[in-house]
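Secondary and tertiary structure notes
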Amino acid sequence: MATLFSKIVHGEIPADIVYQDEMVTAFKDINPIAPVHILIVPNKEIATVNDVAPEDEQMLGHMFVVARQVARDLNIDQSGYRLLINCRGDAGQEVFHLHMHLLGGRKLGPMLAK
Ligand code: AMP
């Protein structure tokens, strides 16, 4: 069954898409935790970081290039931002389609709550 994010990639459910190409799609998180909260997802379904394969290397690198571009487009490249990927239960992964969170627009505080 298609993942929630696959449905967004293919336009089957609505999302505020800020960037899309043949490899990745970037859209606004529906429940933002920072003024800028974008999800960058592979168009291909990959459940978690555990499931990436050597043939995904180009696409995974491309996710960083897109993150840099979206950060620039949204004017947070100079103020700074955080890129975050959750993997499985202890990290709190909710959607099992690999995604990179791009967070910024305010001071983000320490990386982990103590
Ligand atoms: P994670 O906990 O890393 O799996 O993050 C999943 C993220 O997906 C959360 O920040 C959710 O707010 C976000 N999310 C869930 N459903 C949607 C949706 N339909 N459109 C945009 N973001 C979503």
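Preceding block: the structure.
Here goes a summary of the coordinates provided. (Residues numbered from 1 in each chain as written. Predicted model: local features only at pLDDT ≥ 70, side-chain atom pairs only at ≥ 80, totals over all residues. Heavy atoms only, no water.)

Thoughts on the site of the ligand
Lining the immediate environment of the ligand, one finds 16 residues, of which D29, N86, E94, H99 and H101 sit closest. In this structure, a nitrogen atom belonging to the ligand sits 3.1 Å away from a main-chain N or O atom of I30. At 2.6 Å, a backbone N or O of E94 approaches an oxygen atom of the ligand. The set of elements that each furnish at least two residues to the shell around the ligand consists of α1 (4–9) and β2 (24–28). Looking at which element gives the most residues to the shell around the ligand, the answer is α1, with three residues. (Near = heavy atom within 4 Å. Polar contact = N/O pair within 3.5 Å; in protein donor to acceptor, adjacent residues only side chain to side chain. Helix = DSSP H or I, 4+ residues; strand = E, 2+ residues; numbered from the N terminus.)

Things to note about the pattern of salt bridges
Within the structure shown, the criterion is met by two salt bridges. The residue D16 makes a salt bridge to K28 at a minimum N-O spacing of 3.6 Å. You can see D16 sitting in the loop between α1 and β1 (17–20) and its partner K28 sitting in strand β2, a full 12 residues away along the chain. The class of K28 is partly exposed, set by a relative accessible area of 44%. (Salt bridge = Lys/Arg side-chain N within 4 Å of Asp/Glu carboxyl O. Buried < 20%, exposed > 50% of the residue type's maximum accessible area, 1.4 Å probe, protein only.)

Quick notes on the sheet that holds β2
Across a sheet, paired strands are connected by hydrogen bonds in the backbone, their directions being either parallel or antiparallel. Spatially, the five strands line up as an open sheet ordered β1-β2-β3-β5-β4, and their pairing is antiparallel. Here the strands that pair on one side only, and so sit at the sheet edges, are β1 and β4 (81–84). Here the strands of the sheet are splayed against their neighbours by 15° on average, with no regard to which way each runs. Pairing of β4 with strand β5 (residues 100–104) involves four bridges; the strand directions are antiparallel. When the bridges of β5 are listed, Y81 appears paired with G104. (Pairing = 2+ DSSP bridges. Axes fitted to C-alpha atoms, helices over the stretch in contact; angles between N-to-C directions.)

Comments concerning the side chain of H99
Inspection of the secondary structure puts H99 in the loop between α3 (88–91) and β5. The class for H99 is buried, based on a relative accessible area of 6%. A distance of 2.7 Å separates the side chain of H99 from the backbone oxygen of H97, its partner in a polar contact. Ignoring sequence-local partners within four residues, the contact set of H99 consists of F5, L39, I40, V41, L84, I85 and Q93. (Contact = heavy atoms within 4.5 Å.)

A few points about the environment of I38
Along the chain, I38 turns up in strand β3 (residues 36–42). The class of I38 is buried, set by a relative accessible area of 2%. Considered as a pair, I38 and L102 are 64 residues apart in the sequence and their alpha carbons are 5.0 Å apart. For I38, the residues in contact, after removing those within four places along its chain, are V18, A26, F27, K28, D29, V70, L74, M100, H101 and L102.

Re the packing of aromatic side chains
On inspection of all chains with the given rule, the structure shows one aromatic pair. Between the aromatic rings of F5 and F27, the centroid separation amounts to 5.3 Å while the plane-to-plane angle is 70°, which identifies the pairing as edge-to-face. Taken as a pair, F5 in helix α1 and F27 in strand β2 lie far apart in primary sequence, 22 residues in all. We classify F5 as buried; its relative accessible area is 6%. F27 gets classed as buried once you look at its relative accessible area, which sits at 3%. (Phe/Tyr/Trp six-rings, centres within 6.5 Å; stacked < 30°, edge-to-face > 60°.)

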